[in-house]
Amino acid sequence: MSPSFHRARRARRRAVVTLAVAGLAAAGTVATASASTFGSASASSAAAVPTPPLDPQALHNAIANLPNSEITGALIKVSGPSGQWSGTSGIGDLATGAGVRSDDRFRIGSVTKVFTATVALQLVAENRVDLSQTIQHYLPGLFPEGYPPVTIAELLNHTSGLPAAGNLPMHEDDPAWFVQNRFKVWTPQQVVTAALTNAGTPANPMDFAPGTAQRYNGLNYYLLGMLIEKVTGDSYAHQVQSRILRPLHLTATSVPDLDDPRIPGPHLHGYLTVGSAGGLADVSDQSPYPWAEGGMISDASDLTRLLTMLTSGRLLPPAETKLLFTVPNVPYRDATHCDMGPAAGRACFSMGLMSVTMPNGVVGWGKTGSRPGYTDGVFVSSDLQRTIAYAYTPTDDGKGGDTAFLMGIAAAAFDPAAATGTAAAPKSATG
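Residues numbered from 1 in each chain as written. Predicted model: local features only at pLDDT ≥ 70, side-chain atom pairs only at ≥ 80, totals over all residues. Heavy atoms only, no water.

S.K.: Could you clarify how one ought to interpret unusual backbone geometry in this entry?
M.R.: For residues that are not glycine, phi is negative in most cases, and the peptide bond is trans in most cases. The linkage connecting Leu66 with the following residue, Pro67, adopts the cis geometry, with an omega of 0°. Within the element layout of this structure, Pro67 appears in the loop between helix H4 (56–62) and strand S2 (71–79). With a phi close to 60°, Asn127 is a non-glycine residue in the positive phi region. Phi is positive for Trp291, which is not a glycine, with a value near 55°. Within the secondary structure, Trp291 sits in helix H12 (residues 291–294). (Helix = DSSP H or I, 4+ residues; strand = E, 2+ residues; numbered from the N terminus.)

Shown next as structure tokens:
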């Protein structure tokens, strides 16, 4: 299965998905922003806590002193009316000693879901997909008998209740296993079948009744990728390219073929610590089998442009844009996500995005992602004044050693007063 199934309970995955910051609160159980909020800077500014002034030193400090024992390199790109800043730190390729470049590409993991949700909602706007219709209607015969109806809306906002674990022989939590098996490929059909059935016989039980709770689950987005292909009669990759990448000129972004483990062009190299001696294995080349759930490649500039176009209504009509910023009013099922701040325990994911509130009240919308060797994210403040895209290369494969680093990036971008530390600015940073 994908890391969304097998890594959800681990410390770094928890921090990555919730964009954990000390005192960070998931936005309320209903949306804190509407389509009109994102329609113009003036409208959003009146409705949101203002973004604080840009603090270049805090951003410098957030990625200073790399590489270290837990992270080899990092990059940040901050843009928007409140100011611009970009910085890099550490080593991008240990074999050559080359530093991190601001235009380096990286594996974006679950940020792929933003692309998938956008295409699905475009099909909704075209009346080719009905949010209230079931996935069983569009993909008959895929689900075991006895499963309750699951709607497209419930897939998009993770309220489907579908099983979050499967039966594929995968152990991505084990760096040694991943290094040995990183080129293994599972098709979307294999992933879905393994999640829904137990060795092809009895159905795996539902986690909860559809629509009654929320639990982040990559299986939902595998199914949405299959829905896109069924409805369009085209490949998921081509639909993403023709609907998003080409119109927005996202030339650094791609949906790799399942048998292509490479990252094209200049890119961050990802590493995992293997063995008691602490040696680092390069895992930059790896199977992109997470596909519509987490298999894409991009860079900071492309992710920034994607989120900017989404929040300005350039990719979706108003009704569908609003859905990107609407969180269902249901409890979150467990303590793996949506577990911080005054709204802890309530849903924090919308149809493709997530909402977070900083200690200073600034609300951000965006998405985080990870693959072995990579962590990244892209967020915009709800007053549209600041967008941040970041990526870094943790070597501990989710054991939690880089949590403070992630927390520091989030604080430096949206709540500098909460940022701590006085580390010297990395020489490779620019601002």
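S.K.: When you look at the pairing of S2 in this model, what are you seeing that I'm missing?
M.R.: Two faces make up the sheet, and in a regular strand the side chains alternate between them. Burial analysis of S2 places eight of its nine residues in the buried class, the great majority of the element. Examined bridge by bridge, S2 and strand S3 (residues 85–93) share six bridges and lie antiparallel to one another. Following the sheet pairing, Ala74 is matched in S3 by Ser89. Counting the residues between successive antiparallel strands, the hairpin from S2 to S3 contains five residues, one of them, Gly80, with a positive phi of roughly 130°. (Buried < 20%, exposed > 50% of the residue type's maximum accessible area, 1.4 Å probe, protein only. Pairing = 2+ DSSP bridges.)

S.K.: What is the right way to read the pairing of strand S10 (residues 363–371) from this model?
M.R.: Across the nine residues of S10, nine count as buried, placing the element largely inside the fold. Here S10 shows no split at all, with Val363, Trp365, Lys367, Gly369 and Arg371 on one side and Gly364, Gly366, Thr368 and Ser370 on the other all buried. With four bridges joining them, strand S9 (residues 354–357) and S10 adopt antiparallel strand pairing. Opposite Met354, over in S10, you have Gly366 as the bridge partner. Here S9 folds back onto S10, and the loop between the two strands holds five residues, one of which, Gly361, carries a positive phi near 95°. As paired strands, S10 and strand S11 (residues 374–381) are joined by eight bridges and run antiparallel to one another. Residue Gly366 lies in a different strand from S11, and its bridge partner there is Phe379.

S.K.: Whenever I open this one, the packing of aromatic side chains confuses me. Can you help?
M.R.: The relative placement of two aromatic rings is captured by the distance of their centres and the angle of their planes. Taken as a whole and assessed by the stated rule, the structure comprises eight aromatic pairs. Summarising the aromatic geometry, the rings of Tyr216 and Phe349 are spaced 4.8 Å apart at their centres and angled 25° between planes, so their arrangement reads as stacked. Here the residue Tyr216 occupies a position in the loop between helix H9 (188–196) and helix H10 (219–232), and Phe349 occupies one in the loop between helix H14 (318–324) and S9, the gap between them amounting to 133 residues. Tyr216 sits in the buried class, given a relative accessible area of 3%. Among the residues examined, Phe349 registers a relative accessible area of 1% and is labelled buried. Among the aromatic residues, ring-to-ring pairing joins Tyr216, Tyr332 and Phe349 into one connected group. (Phe/Tyr/Trp six-rings, centres within 6.5 Å; stacked < 30°, edge-to-face > 60°.)

S.K.: Sorry, what's going on with the environment of Pro148 here?
M.R.: Inspection of the secondary structure assignment puts Pro148 in the loop between helix H6 (135–138) and helix H7 (152–156). Of the residues examined, Pro148 reaches a relative accessible area of 27% and is grouped as partly exposed. Sequence separation between Pro148 and Ser160 is twelve residues, and the spatial gap between their C-alpha atoms is 9.8 Å. The contact partners of Pro148, leaving out residues within four places of it in the chain, are Gln136, Met206 and Pro210. (Contact = heavy atoms within 4.5 Å.)

S.K.: Sorry if this is basic, but what is going on with the nonpolar core here?
M.R.: Soluble, globular proteins show a tendency: their nonpolar side chains are buried together. Counting 86 residues, the largest nonpolar core has Phe115, Phe143, Ile152, Leu156, Leu162, Leu223 and Tyr236 as the members making the most contacts within it. Beyond its immediate chain neighbours, meaning those up to four positions away, Tyr236 contacts Thr112, Phe115, Thr116, Gly225, Ile228, Glu229, Val255, Trp291, Ala292 and Met296. Formed by 29 residues, the second largest nonpolar core is a distinct cluster that contains Ile63, Met358, Phe405 and Ala412. (Core = buried A, V, L, I, M, F, W, Y, C linked by side-chain atoms within 4.5 Å.)

S.K.: Would you take a moment to explain the pattern of salt bridges for this structure?
M.R.: A side chain of one charge can pair with a side chain of the opposite charge if their charged atoms are brought near each other. A full pass over the atoms with the stated rule returns nine salt bridges. The salt bridge involving Arg101 is made with Asp103; its shortest N-O contact spans 2.8 Å. Residue Arg101 is classed as partly exposed on the basis of its relative accessible area, which comes to 42%. The exposure class of Asp103 is partly exposed, given its relative accessible area of 33%. Asp334 serves as the salt-bridge partner of Arg215, at 2.9 Å between the closest nitrogen and oxygen. Taken as a pair, Arg215 in the loop between H9 and H10 and Asp334 in the loop between H14 and S9 lie far apart in primary sequence, 119 residues in all. (Salt bridge = Lys/Arg side-chain N within 4 Å of Asp/Glu carboxyl O.)

S.K.: Help me understand the environment of Pro317, please; the structure alone is not making it clear to me.
M.R.: Along the chain, Pro317 turns up in the loop between helix H13 (300–311) and H14. Residue classification places Pro317 among the partly exposed residues on the basis of a relative accessible area of 36%. The spatial distance from the C-alpha of Pro317 to the C-alpha of Leu121 is 9.3 Å, given a sequence separation of 196 residues.

S.K.: Can you walk me through the state of the cysteines in this structure?
M.R.: Here a disulfide denotes a covalent bond joining the sulfur atom of one cysteine to the sulfur atom of another. Inspection of the entire model under this criterion finds one disulfide. Here Cys338 connects covalently by a disulfide to Cys348, the sulfurs 2.0 Å from one another. With the S-S bond torsion at -70°, the cross-link from Cys338 to Cys348 turns out left-handed. Taken together, the residues Cys338 in the loop between H14 and S9 and Cys348 in the loop between H14 and S9 connect sequence positions ten residues apart. The pair Cys338 / Cys348 is uniform in exposure class, with both members buried. (Disulfide = S-S within 2.5 Å.)

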